[in-house]
There are 2 protein chains.
Amino acid sequence: MATEKERFVTEITPKSEDFSRWYVDVVRKAELADYSPIKGCMVIQPYGFALWENIRDVLDKKLKETGHMNAYFPLFIPESFLKKEAEHVAGFAPQVAWVTAGGDEELEERLAVRPTSEAIICSMYAKWVKSWRDLPLLINQWANVVRWEKVTRLFLRTTEFLWQEGHTVHATEKEAEEEALKILEIYRRLAEDYLAIPVIPGVKTEGERFAGAVQTYTIEALMADGKALQAGTTHNLGQHFAKAFGIRFEDKDQKLKYAWQTSWGVSSRLIGALVMTHGDDSGLIIPPMVAPIHLVIVPIPASGWEERVLSKAEELEKTLKEAGFRVKADLRTTYSPGWKFSEWELKGVPMRLEVGPKDIEKNQVVLVRRDNREKIFIPQNEMIEKVGIILKEIQKDLFARALKFREENTHQVESYDEFKEVIKNKGGFIRAFWCGDSACEEKVKEETTATIRCIPLSAPEEDGKCIRCGKQARKRVYFAKAY
Amino acid sequence: MATEKERFVTEITPKSEDFSRWYVDVVRKAELADYSPIKGCMVIQPYGFALWENIRDVLDKKLKETGHMNAYFPLFIPESFLKKEAEHVAGFAPQVAWVTAGGDEELEERLAVRPTSEAIICSMYAKWVKSWRDLPLLINQWANVVRWEKVTRLFLRTTEFLWQEGHTVHATEKEAEEEALKILEIYRRLAEDYLAIPVIPGVKTEGERFAGAVQTYTIEALMADGKALQAGTTHNLGQHFAKAFGIRFEDKDQKLKYAWQTSWGVSSRLIGALVMTHGDDSGLIIPPMVAPIHLVIVPIPASGWEERVLSKAEELEKTLKEAGFRVKADLRTTYSPGWKFSEWELKGVPMRLEVGPKDIEKNQVVLVRRDNREKIFIPQNEMIEKVGIILKEIQKDLFARALKFREENTHQVESYDEFKEVIKNKGGFIRAFWCGDSACEEKVKEETTATIRCIPLSAPEEDGKCIRCGKQARKRVYFAKAY
């Protein structure tokens, strides 16, 4: 059994040896996703998709509770529409997949496969929005989008990916700004309370802003290799698109005014973030709140006990399912318990329940936590209560562990020499003063490959000197190398 | 108020006057969908999408309960993959939208925007399926697909549409056949028990078969204008794709064998079927099981009573929501009750609850059914129970009414003259003997535009003469003009 287990696990490159290979090994072997024959496009496998469905359902509920409605807009965007907002087309055109023929016919105008849907959605909003009574218009869509990428990585950067994109229209600048911040807070809660990924909410610099936005907000997470990952963004679009597409409404004062807009999105990239935040050398660890399977039951048969143990496992599965847990009894007889342990550890199921002849005699079950491997013996009649409690603990502990990691890997630096040293040898987040000048930001990027991830919303005003130019600076911002 | 109501309603073309215009008026004015700037592509508006979500959730649950898992495969299919199965490419190539460039680069090989995903999914299955232990493989995906259509109609035929497509792999021919029939039965229940649309489950003739299938099963519905609509299909693919893509497995006898497959789908077209089955001259009627809103509360304020009536409406909304109903209180003060009645009738909300000063005095509410306009006065303390009962009645009555319509419009004919007369003057389904020869089927189509919708699964073996050639025939099949 030990050798079997070893063989299984050693198929994963150790995290410390090669983080990139570890990541791909985990995603592939846990059957989250597979490469497809189309360059840069992945297949999201059933286990990975179940995880995505859970993330989607959590967010969808929060969006509906805050008055947002789902809709569906076309996949295709005429080239002329994409060109209406100048910054927007400049930002996205290099990444567009173009449809040029339908059946045997050449198209008169090329159609972009949506890289994001502002251009097509705003053209509809121009038709729908007439009066202040139509506002706010709060629409979201769950969709696939395509961005032609040169270098791709499973979940993190793929040519096609799944996401939600919200597109809202408001009567005032203030409301649009409030919406962008309200959604950012929803994203923060999704990341922290469900995915157990601590994030820094903040503002993007001008250079990192969404093409066409007035302001971009972001939640930034730190991965286990010390690189940052942008986990979600919301954009205050001002009146840029309203003016480009003619979205105007008659206000209460009977004047015709251009509307104010936002857009925002998170994507299947979150799955990559989850893997890189919680995984270990045995594979994936999925926070219980979004886990496709909360616990797996592995029967431990001994000679002569097979039938008794299997039927007990089935009985426990039924009990736990009825109590509302997502549970799976692994009753396969062609695999040993050790092999099963490894497989479900690899797949990151938060907890394992073992039951063998001795346990049946003692009226107990054995729970084993995936995150810290703790083994807990509990009487069967306390099982439901304890499973619920331990799942909550795992959720809390995963977040605490990730937060601790981030804190240990966030470095406040005061000199550029120290900055360069940290980026080179330690990685992680760097908190440092920045004067607000794009030129400094650019130079830091050229010289260190670190970018400003965000100006944190919580940052107090301070007096300091820019890490690069030494001029006066008012805030410490977060720098990091990023995905 | 009367004039307002009239003006609102007369915007819909009467069903009897022009069915096609009535259909478009209802879809547009109920805000189910809108035309987009891209030819043949529609926008599914929030109300229409909420309906789609309900349909999707019902079916998704049934598919998961029967062991199917969701996944996601790429939007793009390399041209060479589409060509691997000869019949398949012949069937779909004329309808394919082709991506020929990514960013500034011309692609070496054109990519089809998926018209259906057999080709890409089978290429992955060839990689995943190795042993009998991997079977059955039961995967479904919810996705957008594109078919370049010359003539389009909202929901019924659009260039892009939403659907689910199931793709399964089995070890034996028998299992594949059973799967195709099992899913057909799930589709029948979706149509009849939820959408209240009676359907005829049957087999497609060779001429109407899915490109690449051995057998295609269908559920066929009859619309209110006497035309048939194919509401869902399942395909037994035999080993066609397994051989084209090399999907082989080591069986229990250790021999390498080609697998057996099925595929199946229903689409957003079901929404069109729902509109055409239940709607009337006042607009849409949505069966309660899938209605985004079960009942709308319209307060009837009288001078001095506004505040009391509005707060009562809110109170009732809360009570009904807590009881699990999808309820909306229409508290807008800028519209009259009559205007609201018309609007919610147009949107097909199954039931309206009115509450005014008199009702408050009498501790009662007034329920009005959308389908038959029946007005029911009930004591407030019986409200929850009665709402539940009446919604069930509406669901049942809608199905019964549609079934009665279908029965009245199904004609058993024995001669070709009668056949032609019925098709020309009455429409509806025709039950008639057919010898099984494609030549007869083709001639009937040329001469009458009617096609064989299906050979019903329930049809008994009989002795008869083919309606067209007079030769021996064993079964009555369903003919109709179709969407």
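Residues numbered from 1 in each chain as written. Chains lettered and ligands numbered in written order. Predicted model: local features only at pLDDT ≥ 70, side-chain atom pairs only at ≥ 80, totals over all residues.

Visitor: Could you clarify how one ought to interpret the overall build of chain A in this entry?
Guide: Scanning chain A from terminus to terminus reveals 15 helices and 25 strands. For a compact globule of 483 residues, the expected C-alpha radius of gyration is about 23 Å, and chain A comes in at 25 Å, within 12% of that figure. The buried share among the 483 residues of chain A stands at 48%. Sequence separation of 24 or more characterises 67% of the internal contacts of chain A that already satisfy a separation of 6 or more. (Helix = DSSP H or I, 4+ residues; strand = E, 2+ residues; numbered from the N terminus. Rg over C-alpha atoms; globule rule 2.2 N^0.38 Å. Buried ≥ 20, exposed ≤ 12 C-beta atoms within 10 Å, placed from the backbone. Contact = placed C-beta atoms within 7 Å.)

Visitor: What is the right way to look at the interface of chain B and chain A in this model?
Guide: Interfaces are often described in size by the accessible area the parts lose on coming together. Each partner contributes residues to the interface: chain B has 42 residues there, and chain A has 43 residues. If you tally residues by element for the side of chain B that touches chain A, the top one is strand β5 (residues 97-102) of chain B, at 6 residues. Of the residues assigned to the side of chain B that touches chain A, the class counts are 29 nonpolar, 9 polar and 4 charged. Inspection of the sheet shows strand β5 (residues 97-102) of chain A paired to β5(B) by 5 bridges, in the antiparallel sense. What sits directly across from A97(A), in β5(B), is G102(B). (Nonpolar A, V, L, I, M, F, W, Y, C, P; charged D, E, K, R; others polar. Pairing = 2+ DSSP bridges.)

Visitor: Whenever I open this one, the sheet that holds strand β19 (residues 375-379) of chain B confuses me. Can you help?
Guide: Strand pairs in the sheet, formed through backbone hydrogen bonds, run parallel or antiparallel to each other. Residues and elements named next belong to chain B. One open sheet accounts for 5 strands, arranged β16-β15-β17-β18-β19; its pairing is mixed. The open sheet has two edge strands, β16 (327-329) and β19, and neither has a second partner. Ignoring strand direction, the axes of neighbouring strands in this sheet form an average angle of 25°. The sheet contact formed by strand β18 (residues 364-369) and β19 spans 5 bridges and is antiparallel. Residue pairing in the sheet places Q364 in a bridge with P379 of β19. (Axes fitted to C-alpha atoms, helices over the stretch in contact; angles between N-to-C directions.)

Visitor: Looking at this structure, how should I read the domain arrangement of chain A?
Guide: By domain assignment, chain A separates into domain 1 (14-278), domain 2 (293-391) and domain 3 (410-480). For domain 1 of chain A and domain 2 of chain A, the distance between their C-alpha centres works out to 40 Å. (Domains from an automatic or database assignment.)

Visitor: Help me understand the sheet that holds strand β4 (residues 76-78) of chain B in this model?
Guide: Taken in spatial order, the 6 strands of this open sheet run β4(A)-β6(A)-β5(A)-β5(B)-β6(B)-β4(B), and their pairing is antiparallel. Lying at the two open borders of the sheet, with one neighbouring strand each, are β4 (76-78) of chain A together with β4 of chain B. Ignoring which end each strand starts from, the neighbouring axes of this sheet average 45° apart. Note that β4(A) and strand β6 (residues 105-113) of chain A share 3 bridges and pair antiparallel. The residue of β6(A) that forms the bridge with I77(A) is A112(A).

Visitor: Just checking my understanding: could you explain the nonpolar core for this structure?
Guide: Soluble globular proteins tend to pack their nonpolar side chains together in the buried interior. Grouped together as the largest cluster of nonpolar side chains are 289 residues, with contacts concentrated most on A221(A) and A221(B). Setting aside residues up to four positions removed in sequence, A221(A) forms contacts with A191(A), I197(A), P198(A), V199(A), A228(A), L229(A), A231(A), A273(A) and T277(A). (Core = buried A, V, L, I, M, F, W, Y, C linked by C-beta atoms within 7 Å.)

Visitor: Help me understand unusual backbone geometry, please; the structure alone is not making it clear to me.
Guide: For residues besides glycine, phi is generally negative; the peptide bonds are generally trans as well. The peptide bond linking L135(A) to P136(A) adopts the cis configuration, its omega dihedral lying at -5°. With phi around 60°, E31(A) is a residue other than glycine that occupies positive phi space. The residue E31(A) is located in the loop between α2 (19-29) and β1 (33-35) in this model. If you check the backbone angles, Q254(B) has positive phi at about 65° while not being a glycine. Mapped onto the elements of the fold, Q254(B) is located in the loop between β12 (248-250) and β13 (256-258).

Visitor: I would appreciate a short explanation of helix α3 (residues 46-65) of chain A in the present structure.
Guide: Each α-helix winds once per 3.6 residues, and so residues spaced three or four apart point in a common direction. The end-to-end C-alpha separation of α3(A) is 28 Å, in line with the 28 Å expected for 20 residues at 1.5 Å each. Taken from the residues just after α3(A), G67(A) is the one with a positive phi, measuring 85°. (Expected span 1.5 Å × (residues − 1).)

Visitor: Just to check I follow, could you spell out the relation of the copies chain B and chain A for this structure?
Guide: One copy of the chain maps onto the second through a rotation around an axis plus a translation along that axis. Of the transformation placing chain B onto chain A, the axial shift is 0.0 Å and the rotation is 180°, giving an RMSD of 0.0 Å. In the structure described here, the two chain copies are related by an operation that fits a two-fold rotation axis. No C-alpha of chain B lies nearer the rotation axis than that of V99(B), which sits 2.1 Å from it. (Least-squares fit on C-alpha atoms with pLDDT ≥ 70 in both.)

Visitor: I keep staring at helix α14 (residues 416-425) of chain A and nothing clicks. Help me out?
Guide: Residues and elements named next belong to chain A. When we look at burial in α14, the residues that qualify are F419, V422 and I423. Around the axis of α14, the buried residues are gathered within 95° of arc, so they sit on the same side. In α14, the exposed positions that point more than 90 degrees away from the buried face belong to D417, K424 and N425. Residues of α14 that are buried sit in contact with β20 (410-412), β21 (429-434) and α15 (438-448). Residue G427 follows α14 closely and has a positive phi angle near 75°. (Arc of directions from axis to C-beta.)

Visitor: Please explain the confidence of the model for chain A as it appears in this structure.
Guide: Regions with low pLDDT carry predicted coordinates that are not meant to be interpreted in detail. Residues and elements named next belong to chain A. Mean pLDDT over chain A works out to 95, with 98% of the residues at or above the 70 mark. In this model residues 1-6 is a low-confidence stretch, pLDDT under 50, and it forms 10 contacts with partners more than four residues away in sequence or in other chains. Across the interfaces of the predicted complex, the ipTM metric reaches 0.96, alongside a pTM of 0.96. (pLDDT = per-residue confidence, 0-100.)

Visitor: Would you take a moment to explain the pairing of strand β25 (residues 475-480) of chain B for this structure?
Guide: In the case of a regular strand, side chains alternate between the two sheet surfaces. All names here are of chain B. Within β25, 5 of the 6 residues are buried, which leaves it mostly tucked inside the rest of the structure. Note: strand β22 (residues 451-456) against β25, 3 bridges, orientation antiparallel. Bridge pairing links C454 to Y478 in β25.

Visitor: Which parts of the structure should I look at to understand the pairing of strand β11 (residues 228-238) of chain A?
Guide: Residues and elements named next belong to chain A. Of all 11 residues making up β11, 10 are buried, and the element is well covered by its neighbours. Bridging between strand β10 (residues 215-222) and β11 involves 8 bridges; their strand directions are antiparallel. Bridge pairing in β11 places I219 opposite G232. Hairpin connection of β10 to β11: 5 residues between the antiparallel strands, including G226 at a positive phi of 85°. As paired strands, β11 and strand β14 (residues 260-267) are joined by 5 bridges and run antiparallel to one another.

Visitor: Mind showing me how you'd approach the environment of K252(B) here?
Guide: Residue and element names in this part refer to chain B. With respect to the secondary-structure elements, K252 resides in the loop between β12 and β13. Of the residues examined, K252 has 9 C-beta atoms within 10 Å and is grouped as exposed. Taking the C-alpha atoms as reference points, K252 and A228, 24 residues apart in sequence, are found 45 Å from one another.

Visitor: How should I be thinking about the environment of Q239(A) in this particular structure?
Guide: All names here are of chain A. Structurally, Q239 can be placed in the loop between β11 and α8 (240-245). The exposure class of Q239 is partly exposed, given the 17 C-beta atoms found within 10 Å. On a C-alpha basis, the gap between Q239 and T262 in space is 9.4 Å, while along the polypeptide they are 23 residues apart. Leaving out residues up to four positions away in the same chain, Q239 has contacts with Y258 and W260.

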